[in-house]
Amino acid sequence: MSNTKYIFVTGGVTSSLGKGIIAASLAKLLQAQNYRVTIQKFDPYINVDPGTLNPYEHGECFVTDDGAETDLDLGHYERFLNVSTSQANNVTTGRVYQTVIDKERRGVFLGKTVQVVPHITNEIKERMCLLGETGDYDIVITEIGGTVGDIESLPYIEAVRQLIWELGDENAMVIHLTLIPYLSAAGELKTKPTQHSVKTLMESGVKANVLVCRTEHKISDDIRKKLALFCNVKQEAVIESIDAETIYDVPLLMLNEGLDQVVLNTLKLKSKPIDLNRWKDFLNKYKNPKQQITIGLIGKYVELQDSYKSILESLIHAGASNEIKVIIETIHSEHISSQNVSEKLKNIDGVIVAPGFGGRGIEGKIDVVRYVRENNIPFFGICLGMQMAVIEHARNVMGHLEANSTEMDEQCKAPVISIMEDQKAITEIGGTMRLGAWDCELSEGSLAYKAYNKNTISERHRHRYELNNHYRKDIEASGLKATGINPKTGLVEIVENPNHPWFLGVQYHPEYKSTVLNPHPLFVDFVKASLLNKTLK
Ligand code: GLN
């Protein structure tokens, strides 16, 4: 067995407490002490992956280099740690059951009755240890989705209990994230919900080693003492997690609270000098911007900020690197028409047209593209947003009024966006898109080439439709250039309008690769161009 140490992060009292951010912040502190750390997320729902989920359910679906459609928390892990995750970093109940049932069909269980304990729990344990056993990591942090006490979480909690028993107290531990609500009528912070949730955990045989307490007010020493006594943890293991101005403050807040020290002590690991200089430099720039711009984000899931999580975070990274505060105005594409587009965009310095699926709201997106093209407003189209730029160009520049994507109109007479050849025979929805990292070659002199400053890039994808190469020559001849091409398939990855100050659409998702320490070059350049547009107004 390897020497990897395991940390499990569970949640109590309510959902949405930010387990992912706490896990990522702890990982950051350990990484800054030169420990090799990875984080994985186990989600108790039955979907095999979140790829089939509507963004209204759990927010954006994050995509890894190896083409896994994953929970958005993996985005936080990558943005905080600046390392890539993979399929192994996200497991769901659906995937666990699918594997166990496949094994049963192959006869692997030799006539035994297949049961939640031990078969499902064994499969969970195996997956919990998978990354640890590669020898690549000193510490593996596993975030368990959902809230302790949920029926669907039980097999995971049981797997954690068994693993701690097998690995020993010095090699595995539990951090329980909980809420300390403030009752304004009583003027008090209340510990009872936390006591109950720790008890629920104990009923399953799992003892929390550390309590991370989400709170809107500072937690006094008396409350820390009380929580320690009733929840069976050391007083220094009661960690306050007060609401922060930005999620990127959380590693420093956790450092002040000594979360890394309690964890290292529990796991009998040495604490080492910590280097967070680059992180602090980012925060300093982020908090002291010299200028300000407003970016319009045009999409159809704008009510829910998690739907476009990676785009919003990429704009934060790009803003900080330019020392510009980026205000994001989300605009619902269904509420836009050619009549009101100028009014809707009147305070906007640059526009992003968001990714998406299906026909709802696309005409509004096309109206936006026309307006920004004609008015020299910086335009950044991502995936569906790029496809909208191609359709707009075909309709309003080339004169193909009936131009569309076959996703929206299968019988369309000018299908400038059409289904990819290898997608035609696919009937199942889950995990069947063109996913993950693909190479793309950039044309010298293009906006993209200048931003990336290299010939070949690799970016992540999640789509079924593409620019129809049958129209490519005419599209380019009429002014919309294909400046990024997949060298193997000829698929158009980037379009640009050289007669415009900054007009660029990408078939891929650059937002999945932006991190705090490596802001994405296209977002950085787009933010710069939007500031220039603002100053020229
Ligand atoms: N619906 C489009 C396609 O499948 C775009 C997908 C996206 O924006 N991620 O090609």
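These numbers were taken from a predicted model, which means no experiment stands behind them.

Participant: How do you make sense of the site of the ligand when you look at a structure like this?
Facilitator: Inspection of the region around the ligand gives P355, G356, F357, C383, L384, Q387, E407, R462, H463, R464, Y465 and H509 as its neighbouring residues. Here an oxygen atom of the ligand sits 3.1 Å away from a polar atom, N or O, in the side chain of Q387. With the chains in place, 99% of the 300 Å² that the ligand exposes on its own is no longer accessible. Of all the secondary-structure elements, those providing two or more residues to the shell around the ligand are α15 (384-396) and β19 (456-463). Here the shell around the ligand is built from residues that sort into five nonpolar, four polar and three charged.

Participant: Which parts of the structure should I look at to understand the packing of helix α12 (residues 309-322) against helix α18 (residues 521-536)?
Facilitator: Relative placement of two packed helices is described by the angle separating their axes and the distance separating the axes. Packing of α12 against α18 brings their axes to within 8 Å, and their N-to-C directions diverge by 65 degrees. When the interaxial angle is binned, α12 and α18 end up roughly perpendicular. The handedness of the crossing between α12 and α18 is right-handed. Here I311, S314, L315, A318, G319, S321 and N322 of α12 come into contact with α18, specifically with F523, V524, F526, V527 and K528. Its residues placed into classes, the contact of α12 with α18 shows seven nonpolar, four polar and one charged.

Participant: How do you make sense of the pattern of salt bridges when you look at a structure like this?
Facilitator: Applying the stated criterion across every chain, the model contains 33 salt bridges. A salt bridge links K41 to E143, with the nearest nitrogen and oxygen atoms 3.7 Å apart. With K41 in strand β2 (residues 37-43) and E143 in strand β6 (residues 139-144), the pair connects residues that are 102 residues apart, well separated along the chain. Both residues of the pair, K41 and E143, belong to the buried class. Of the charged contacts in the structure, one is a salt bridge between K309 and D306, with a shortest N-O distance of 3.8 Å. When its relative accessible area of 30% is taken as the criterion, D306 is described as partly exposed.

Participant: Before we go on, may I ask you to explain the sheet that holds strand β13 (residues 324-332) in this structure?
Facilitator: Working definition: the strands of a sheet are paired by backbone hydrogen bonds and lie parallel or antiparallel to each other. Taking strand neighbours across the sheet as the criterion, the nine strands line up as β13-β12-β14-β15-β23-β22-β21-β18-β19 in an open arrangement whose pairing is mixed. Looking along the sheet, the strands with just one partner apiece sit at the ends: β13 and β19. Averaged over all pairs of adjacent strands, the angle between their axes in this sheet comes to 30 degrees, without regard to strand direction. Bridge count for strand β15 (residues 379-382) against strand β23 (residues 503-506) is four bridges, and the pairing is parallel. Considered in β23, the bridge of I382 is made with V506. Sheet strands in contact with α15 are β14 (350-353), β15, β22 (492-496) and β23, and its direction is about 115 degrees off that of β15.

What counts, and where the lines are drawn
Residues numbered from 1 in each chain as written. Predicted model: local features only at pLDDT ≥ 70, side-chain atom pairs only at ≥ 80, totals over all residues. Heavy atoms only, no water. Near = heavy atom within 4 Å. Polar contact = N/O pair within 3.5 Å; in protein donor to acceptor, adjacent residues only side chain to side chain. Areas by Shrake-Rupley, 256 points an atom, 1.4 Å probe, with all protein chains shown as cover. Helix = DSSP H or I, 4+ residues; strand = E, 2+ residues; numbered from the N terminus. Nonpolar A, V, L, I, M, F, W, Y, C, P; charged D, E, K, R; others polar. Axes fitted to C-alpha atoms, helices over the stretch in contact; angles between N-to-C directions. Parallel < 35°, antiparallel > 145°, perpendicular 65-115°, else oblique. Left-handed = near helix turned anticlockwise from the far one by under 90°. Contact = heavy atoms within 4.5 Å. Salt bridge = Lys/Arg side-chain N within 4 Å of Asp/Glu carboxyl O. Buried < 20%, exposed > 50% of the residue type's maximum accessible area, 1.4 Å probe, protein only. Pairing = 2+ DSSP bridges.

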